[in-house]
Amino acid sequence: MEIRENPVFGRKIFFLNPSFVVENYIIDYLKKNEYEVYVLTDFRKAKGILSANKDSMCFVNIDSEMPYAHWFNFMKSFSLSDNLKTIYLGVISEKAGWEDKDKFMMNIRLPGGFHLIERKTPKLLEDFTKVLDVNGAKGRRKFLRLDTRNEHDVSGYLAAGGKLFALTIRDISSAGFAVIYKQNIVNLFQKNTLLRNLNISAGRKSMVCSCIVFNTQLNEDGTAMSVLMLTNENPESTRTYIRNYIFEKNAAKIEFELKGMDTDSSSYSDTALYKSLKAVANRDYDGLDVLQDAELEPVDDQS
């Protein structure tokens, strides 16, 4: 059996060709709950970006673009690549029958499971997040954090004593910020100090935030850094905007990487293997998520 440790900072979660329901119900829910989610729309570029993000998760909508047999070949081929065999694959469908589910589950390693979406329910979201959490999608973190040191549309300042003090925003999350400033104003950032006049600009929006100083440290270069936590005085719209800003920045980085990726020219159209597989109704799939690819190899020996 294969055992892989869950990462401290979680995994990237890719959705390949998600349906309208998946994008506006499941993905929207995951974003609100701070999972690192991305949408891919071109399966010919998918392998490239997944190879660059080993141990990420990828949920494939097999109802889109190709027949199930072609998607089966596409996903089966991951086991043949050292860069792709570490990807945590899953299947999403709103139309597949039990035969298709059995063929995928019994012949492809799917730690992400096979999700038949019949309707939008709280249980659907609960079951989906359970799969993500079992596979360490969030790691130990609670919030997505964006390193903003190279972002040109993020800035900040603190208003205190009738003066404005410039801040460098080191990173940002919907829970708070890390800011860097000159040590001559470190007295303004004592631990547990409430700051109500912190102005943060991110993207096209400026926000006056209320924060508590969680921690402060002095740096050897004459600067200091403080971790600031947003208080409940801030409107929910502030946290929502910051969260969306982080997702937009992350998505833009992936889109930039995709432009430099080679296009997958492989053919996945041979249907002979998929047609030869025999499905079994009401099969128990418990334990399949920890099987190694080698244990799933003899697909054409089923009867």
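Residues numbered from 1 in each chain as written. Predicted model: local features only at pLDDT ≥ 70, side-chain atom pairs only at ≥ 80, totals over all residues. Heavy atoms only, no water.

### With respect to the pairing of strand E10 (residues 194–202)
- Pairing of strand E7 (residues 154–160) with E10 involves five bridges; the strand directions are antiparallel. Counterpart to Tyr157 in the pairing with E10 is Asn199.
- Summarising the sheet, E10 and strand E11 (residues 205–218) pair through seven bridges and their orientation is antiparallel. Counted as the bridge partner of Leu194 is Ile212 from E11. (Pairing = 2+ DSSP bridges. Helix = DSSP H or I, 4+ residues; strand = E, 2+ residues; numbered from the N terminus.)

### Quick look at the nonpolar core
- Counting 47 residues, the largest nonpolar core has Phe15, Ile26, Leu132, Phe177 and Phe189 as the members making the most contacts within it.
- With five residues, the top contributor of residues to this core is helix H1 (residues 20–32).
- Beyond its immediate sequence surroundings of up to four residues, Phe177 is in contact with Asp171, Ile172, Leu198, Ile200, Cys209, Cys211, Ser226, Val227, Leu228, Leu230 and Ile242.
- Counting 37 residues, the second largest nonpolar core, distinct from the first, contains Ala46, Met75, Phe104 and Leu277. (Core = buried A, V, L, I, M, F, W, Y, C linked by side-chain atoms within 4.5 Å. Buried < 20%, exposed > 50% of the residue type's maximum accessible area, 1.4 Å probe, protein only. Contact = heavy atoms within 4.5 Å.)

### Points about the pairing of strand E1 (residues 13–16)
- Alternating positions in E1 separate into two faces, Ile13 and Phe15 on one and Phe14 and Leu16 on the other, with burial throughout.
- Here E1 runs beside strand E2 (residues 37–40); their pairing, made up of four bridges, is parallel. Among the inter-strand pairings, Phe14 is bridged to a residue of E2, identified as Tyr38.
- For the crossover that starts at E1, traverses H1 and ends in the parallel E2, the hand is right-handed.
- As paired strands, E1 and strand E3 (residues 57–61) are joined by four bridges and run parallel to one another. Within E3, the position partnered with Leu16 by the bridge is Val60. (Right-handed = clockwise from strand over helix to strand, strands pointing away.)

### Digging into the sheet that holds E1
- Spatially, five strands are ordered E2-E1-E3-E4-E5 in an open sheet, and the strand pairing comes out parallel. Looking at the sheet topology across the chains shown, the edges are occupied by E2 and strand E5 (114–116). The sheet shows a mean angle of 20° between the axes of neighbouring strands, taken without regard to direction.
- As judged from the five bridges shared by E3 and strand E4 (residues 88–93), these two strands associate in the parallel manner. The residue of E4 that forms the bridge with Cys58 is Leu89.
- H1 contacts E1, E2 and E4 of the sheet and is inclined by roughly 155° relative to E2. (Axes fitted to C-alpha atoms, helices over the stretch in contact; angles between N-to-C directions.)

### Considerations on the side chain of Asn53
- With respect to the helices, strands and loops of the structure, Asn53 is situated in the loop between helix H2 (43–51) and E3.
- In this structure the side chain of Asn53 is engaged in a polar contact, spanning 2.8 Å, whose partner is the backbone oxygen of Ile49.
- Those residues in contact with Asn53 that sit more than four places away from it in its chain are Lys12, Phe14, Ile87 and Glu257. (Polar contact = N/O pair within 3.5 Å; in protein donor to acceptor, adjacent residues only side chain to side chain.)

### As for the packing of aromatic side chains
- If you walk through the whole model with that rule in mind, you get 15 aromatic pairs.
- Taken together, the ring pairs connect Phe43, Trp71, Phe74, Phe78 and Tyr268 into an aromatic cluster.
- Lys138 extends its terminal NZ or CZ atom over the ring of Tyr35, reaching a point 4.8 Å from the ring centre. (Phe/Tyr/Trp six-rings, centres within 6.5 Å; stacked < 30°, edge-to-face > 60°. Lys NZ or Arg CZ within 6 Å of the ring centre and 35° of its normal.)

### Some details on the state of the cysteines
- Going through the model one piece at a time under the given rule, you end up with zero disulfides.
- Here Cys211 is not cross-linked by a disulfide; its sulfur's nearest cysteine counterpart is in Cys209, at 5.4 Å.
- Overall, Cys211 belongs to the buried group, its relative accessible area being 0%. (Disulfide = S-S within 2.5 Å.)

### Re the pattern of salt bridges
- Across all of its chains, the model carries 14 salt bridges by this definition.
- Residues Glu34 and Arg243 are paired through a salt bridge, measuring 2.9 Å at the closest nitrogen-oxygen approach. Residue Glu34 is found in the loop between H1 and E2, and its partner Arg243 is found in helix H6 (residues 236–259); the two are separated by 209 residues along the sequence.
- Look at Arg243 and you get buried, because its relative accessible area is 12%.
- As a salt-bridge pair, Arg170 and Asp171 come within 3.2 Å of each other at their nearest N and O atoms.
- The class of Arg170 is partly exposed, set by a relative accessible area of 26%.
- Ionic contacts of the salt-bridge type, sharing partners, join the residues Glu151, Asp153, Lys249 and Lys253 into one network. (Salt bridge = Lys/Arg side-chain N within 4 Å of Asp/Glu carboxyl O.)

Everything listed is a geometric property; what it means functionally is a separate question.
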